[in-house]
Amino acid sequence: MPELPEAETIARSLSPHLVGRRIEAAAYPGQRVLRGKPAPDISGRQFVSIERFGKQLLLRLDGDTLILVKLGMTGALLLDAAPDAYTRAGFTLDSGSRLLFRDTRQFGSLNFLAGEPTGLGPDPFELSAAAFAQRLRAKQTRLKVTLLNQQFLRGLGNIYVDEALHRAGLHPLARASRLTAGRAEALHTAIVELLTHAIAERGSSISDYVDGSGARGNFQNFHRVYGREGQPCLHCGEPIVRLVVAQRGTHYCPACQTR
DNA sequence: TGCCATGTTAATGC
DNA sequence: TGCATTAACATGGC
């Protein structure tokens, strides 16, 4: 559910309420959210920072403990929400507030790390257009698959991949390595501008995404292809087509997006 | 009832 | 070997 703009919005909404606060107690109802791994005792620990890492959240505690929160499809971090049957973790704070991790489908997880997270590709904002183009050149996979790959680039999910490809005028099934340098750099520009706009609108709320205070995002009103199958392309009027690529619904304009 | 869903990963097929 | 597809995870909405 949450992709980079949603994770960024969650981090920004939680940060002022969490940084400097101490954890008095932690609970993990059902334990599944821990994926069989033991949770260290974090009572007494203080939040140092709340950061976005790709589409995940990184909660830094003093004493060099990190909690990497994978939101999966339906995960949410909520401050002072009422616990329900889908509450998978709860942290009681010295401020009297309570941070909950709510996750209906249970694809999300909490991961306690002793060091920096590894294994994911660069952040879109920290990569130059030239470096992005160079990485693309090495990939034989289709653009849709390449951009969804978190090892290639961290933070894009199904919505923003479709939106970025439309804005760049590129077909989702085009081979990454076949793009000219100019088109590859234009794709990077489209991604950065798209994510910047989406963050400014506090992310996309399609079904149930909300930030840490329970507020919905507004960027769904700016989607040009995602969820618009059969509706006219906002650029040329041609009906938006939906196909399935890597088992993900893929939306594009057959007239504007060339292969 | 059947299909769909903002994610990730293992298994299988070509 | 490399890439594409399928299945699986768990649950709710339409």
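For the structure, see preceding data.
Reading guide: rules and limits
- Residues numbered from 1 in each chain as written.
- Chains lettered and ligands numbered in written order.
- Predicted model: local features only at pLDDT ≥ 70, side-chain atom pairs only at ≥ 80, totals over all residues.
- Heavy atoms only, no water.
- Helix = DSSP H or I, 4+ residues; strand = E, 2+ residues; numbered from the N terminus.
- Buried < 20%, exposed > 50% of the residue type's maximum accessible area, 1.4 Å probe, protein only.
- Contact = heavy atoms within 4.5 Å.
- Areas by Shrake-Rupley, 256 points an atom, 1.4 Å probe, with all protein chains shown as cover.
- Arc of directions from axis to C-beta.
- Salt bridge = Lys/Arg side-chain N within 4 Å of Asp/Glu carboxyl O.
- Near = heavy atom within 4 Å.
- Polar contact = N/O pair within 3.5 Å; in protein donor to acceptor, adjacent residues only side chain to side chain.
- Nonpolar A, V, L, I, M, F, W, Y, C, P; charged D, E, K, R; others polar.
- Phe/Tyr/Trp six-rings, centres within 6.5 Å; stacked < 30°, edge-to-face > 60°.
- Lys NZ or Arg CZ within 6 Å of the ring centre and 35° of its normal.

## Remarks on the overall build of chain A
Moving on, step 1. Each helix and strand in chain A was counted, giving five helices and ten strands.
Moving on, step 2. On the principal axes, the C-alpha backbone points of chain A span a range of 55 × 35 × 30 Å.
Moving on, step 3. A burial count over chain A gives 49% of its 259 residues as buried.
Moving on, step 4. Pairs at least 24 apart in sequence give 63% of the contacts found in chain A among residues at least 6 apart.
Moving on, step 5. Put simply, chain A shows about 11,500 Å² of open surface, and 48% of that area lies on carbon and sulfur atoms.

## Considerations on helix H2 (residues 129-137)
Moving on, step 1. Restricting attention to buried positions, one finds in H2 the residues Phe132, Ala133 and Leu136. Across the axial projection of H2, the buried residues extend over an arc of 100°, all falling on one side. Of the residues in H2, the exposed ones pointing more than 90 degrees away from the buried face are Gln134 and Arg137.
Moving on, step 2. Each element contacted by the buried residues of H2 is listed here: helix H3 (143-148) and helix H5 (181-200).

## Topic: the pattern of salt bridges
Moving on, step 1. Under the criterion given, the structure shown has eleven salt bridges.
Moving on, step 2. Between Glu51 and Arg60 there is a salt bridge, with its nearest N and O atoms 2.7 Å apart.
Moving on, step 3. A relative accessible area of 27% means that Glu51 is categorised as partly exposed.
Moving on, step 4. Salt bridges linked by common partners bring Glu8, Arg12, Arg52 and Asp123 together as one network.

## Thoughts on the protein's contact with DNA strand C
Moving on, step 1. Neighbouring DNA strand C are Arg32, Tyr86, Thr104, Arg105, Gln106, Phe107, Gln140, Thr141, Arg142, Arg175 and Gln247.
Moving on, step 2. Protein-proximal atoms of DNA strand C, defined as those within 4 Å of the protein, fall in sugar or phosphate at a share of 56%.
Moving on, step 3. In the model, a phosphate oxygen of DNA strand C is placed 3.4 Å from a nitrogen or oxygen of the Arg142 side chain.
Moving on, step 4. Here Gln247 contributes a side-chain N or O atom positioned 2.6 Å from a base nitrogen of DNA strand C.
Moving on, step 5. In the surface near DNA strand C, the residues fall into two nonpolar, five polar and four charged.

## As for the packing of aromatic side chains
Moving on, step 1. Under the defined criterion, the tally for this structure stands at five aromatic pairs.
Moving on, step 2. Pairing Tyr28 with Phe91 gives two aromatic rings, centres 6.1 Å apart and planes at 80°, and the pair type is edge-to-face. Of the two residues, Tyr28 is situated in the loop between strand S1 (23-27) and strand S2 (47-53) and Phe91 in strand S6 (residues 87-93); the sequence distance between them amounts to 63 residues. Comparing Tyr28 with Phe91, the two get one shared label, buried.
Moving on, step 3. Both rings, one in Phe219 and one in Phe222, keep their centres 5.7 Å apart while their planes meet at 15°; by these two values the pair is stacked.
Moving on, step 4. A residue is classified by how much of its surface remains accessible, and Phe219, at 0% relative accessible area, is buried.
Moving on, step 5. Three or more aromatic residues joined by ring pairs make a cluster, and in this case those are Tyr28, Phe91 and Phe112.
Moving on, step 6. Across from the ring centre of Phe152, 5.3 Å away, lies the NZ or CZ of Arg135, which sits over that ring.

Remember that the coordinates give geometry; whether it matters functionally is a separate question.
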